[in-house]
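Structure assessment
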Amino acid sequence: MKDKFYKRILTIQDISCVGQCSLTVALPILSACGLETAVLPSAVLSTHTAGFNGYTFRDLTEDIPDIAEHWRSEGISFDSVYTGYLGSSKQIEYVKGIISSLMREGGISIVDPAMADNGKLYPAFDSEYVRNMKSLAFSADVIVPNITEACMLADYEYLEKYDEPYIRKLLEKLSELGASKIVLTGVGFKEGKTGVAVMEDGVYSYYEHERIADGCHGTGDVYASAFVGALLSGKNIYDSASLAADYTVLCIRNTSGDSSHWYGVKFEPELSYLIARCRQ
Ligand code: PXL
């Protein structure tokens, strides 16, 4: 019998060989959520770009059309496409083509516009990339930005200290620009707390949780992958957003205090928690 929750998802992001981010995080997390996961690597880097020096970078943009053409000729399609860190502006165009031609009708596209944090673009990107990311993000079914990325997508002032009206206005701006479902991460209104603000077809909700002081690199990818996994295993947007937050907190708690592990999140020991929550 066909299991309606056994879905085939395509995730498009880079392989950072070392660094616990992008595909090395998405693939195990999506598999743990019970999904058949296909990958399209956007680039291969020796490490991620946030803190390592002298990393290698092999852009795979030119391989994408042939890969997509092969899938088309084999009649392969996907129930969902989830994108993360992409390698170039041109790649964003190819990704839009893949979503429109290889995702089945009624499928869900989820875009994590992974390009910035703490008010700054990641080193590999420029304003042209941001412009292209806007067109991908505003055509997706769901976006999962952090506050920095949301401000760049909405051309909205980035503030380190903010209140709820500021966050609501940011979400409204994104909705006006075409984002109908938004899961905004890293939103905290109280000392020691952070959370996720969700805007779904104009309806705002918020899930608050503990903030662990020394946050680590790669939490955005762990969060987005767990969110996508929960969503495709049949949960609604808010429940997926809160489940992913609970899982990410466990992973950060596991990692915090180990200064030698600054580059990523120890997410693997908590996969059993994620599996159990997705099955509930
Ligand atoms: O976690 C986002 C990410 C993914 N991939 C690469 C990165 C980063 C963040 O810095 O550098 C290559």
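Description of the structure in this document.

About the criteria used
Residues numbered from 1 in each chain as written. Predicted model: local features only at pLDDT ≥ 70, side-chain atom pairs only at ≥ 80, totals over all residues. Heavy atoms only, no water. Helix = DSSP H or I, 4+ residues; strand = E, 2+ residues; numbered from the N terminus. Expected span 1.5 Å × (residues − 1). Buried < 20%, exposed > 50% of the residue type's maximum accessible area, 1.4 Å probe, protein only. Core = buried A, V, L, I, M, F, W, Y, C linked by side-chain atoms within 4.5 Å. Salt bridge = Lys/Arg side-chain N within 4 Å of Asp/Glu carboxyl O. Near = heavy atom within 4 Å. Polar contact = N/O pair within 3.5 Å; in protein donor to acceptor, adjacent residues only side chain to side chain. Areas by Shrake-Rupley, 256 points an atom, 1.4 Å probe, with all protein chains shown as cover. Nonpolar A, V, L, I, M, F, W, Y, C, P; charged D, E, K, R; others polar. Lys, Arg positive; Asp, Glu negative; His and termini not counted. Contact = heavy atoms within 4.5 Å. Phe/Tyr/Trp six-rings, centres within 6.5 Å; stacked < 30°, edge-to-face > 60°.

**So, helix α7 (residues 219–232)**
Given 3.6 residues per turn, any residue in an α-helix points the same way as the ones three and four places further on. Between its terminal C-alpha atoms α7 stretches 20 Å, which fits the 20 Å expected from 14 residues at 1.5 Å a residue. Burial analysis of α7 places 12 of its 14 residues in the buried class, the great majority of the element. Residues of α7 that are buried include every one of D221, V222, Y223, A224, S225, A226, F227, V228, G229, A230, L231 and L232, and no others. Looking one or two places after α7, you find G234, whose phi comes out positive at around 110°.

**Some details on the nonpolar core**
Core analysis: the largest hydrophobic core is formed by 48 residues, its most contacted members being L10, M115, M133, I167 and L184. Element by element, the count of residues in this core is highest for helix α5 (residues 147–154), at 6 residues. Formed by 41 residues, the second largest nonpolar core is a distinct cluster that contains V142, I212, A226 and C251.

**Here's the deal with the pattern of salt bridges**
Per the stated rule, a full pass over the model turns up 12 salt bridges. Taking the shortest distance from any N to any O, the salt bridge between R104 and D79 comes out at 2.6 Å. In this pair, R104 sits in strand β5 (residues 103–111) while D79 sits in strand β4 (residues 78–83), placing the two residues 25 residues apart along the sequence. What makes R104 partly exposed here is its relative accessible area of 34%. With a closest N to O distance of 2.9 Å, R277 and D246 form a salt bridge. One end of the pair, R277, is in helix α9 (residues 271–279); the other, D246, is in helix α8 (residues 237–255), with 31 residues separating them in the sequence. Under the relative-accessibility criterion, R277 is labelled buried at 19%. Residue D246 is classed as buried on the basis of its relative accessible area of 18%.

**Some remarks on the site of the ligand**
Taken together, D14, S16, C21, S22, L45, H48, T49, A50, Y85, Y122, H217 and D221 make up the full set of residues adjacent to the ligand. A distance of 3.5 Å is found between an oxygen atom of the ligand and a side-chain nitrogen or oxygen belonging to H217. Between D221 and the ligand, the recorded distance is 2.7 Å, taken from a side-chain N or O atom to an oxygen atom. Here the ligand has 320 Å² of accessible area as a free molecule, and 98% of this is covered by the chains. In the shell around the ligand, the residues fall into 5 nonpolar, 5 polar and 2 charged.

**Comments concerning the side chain of D14**
Topologically, D14 is positioned in strand β1 (residues 8–18). At 13 Å, R58 is the nearest oppositely charged side chain to D14, a buried residue that forms no salt bridge. Once residues within four sequence positions are removed from consideration, D14 is found in contact with S22, L23, S42, A43, L45 and Y85.

**Quick word on the environment of L45**
On the secondary structure map, L45 appears in strand β2 (residues 36–47). For the pair L45 and I9, spaced 36 residues apart in sequence, the C-alpha to C-alpha distance is 23 Å. The residues contacting L45, other than those within four sequence positions of it, are D14, I15, S16, C17, Y55, T56 and F57.

**So, the packing of aromatic side chains**
Counting across every chain of the model gives 12 aromatic pairs. Residues F52 and W262 carry aromatic rings whose centres are separated by 4.7 Å and whose planes lie at 50° to one another, so their mutual orientation is tilted. Of this pair, F52 sits in the loop between β2 and β3 (57–59) while W262 sits in the loop between α8 and α9, and the two are 210 residues apart along the sequence. Classification of W262 as partly exposed rests on a relative accessible area of 39%. Look at Y156 and Y166: their rings are 5.1 Å apart centre to centre, the planes differ by 40°, and that puts the pair in the tilted class. Of this pair, Y156 sits in the loop between α5 and α6 (164–176) while Y166 sits in helix α6, and the two are 10 residues apart along the sequence. Looking at Y166, the relative accessible area reads 9%, which means it is buried. In this structure an aromatic cluster arises from ring pairing among Y156, Y162, Y166, F189 and Y206.

Don't take any of this as a statement about function, it's just geometry.
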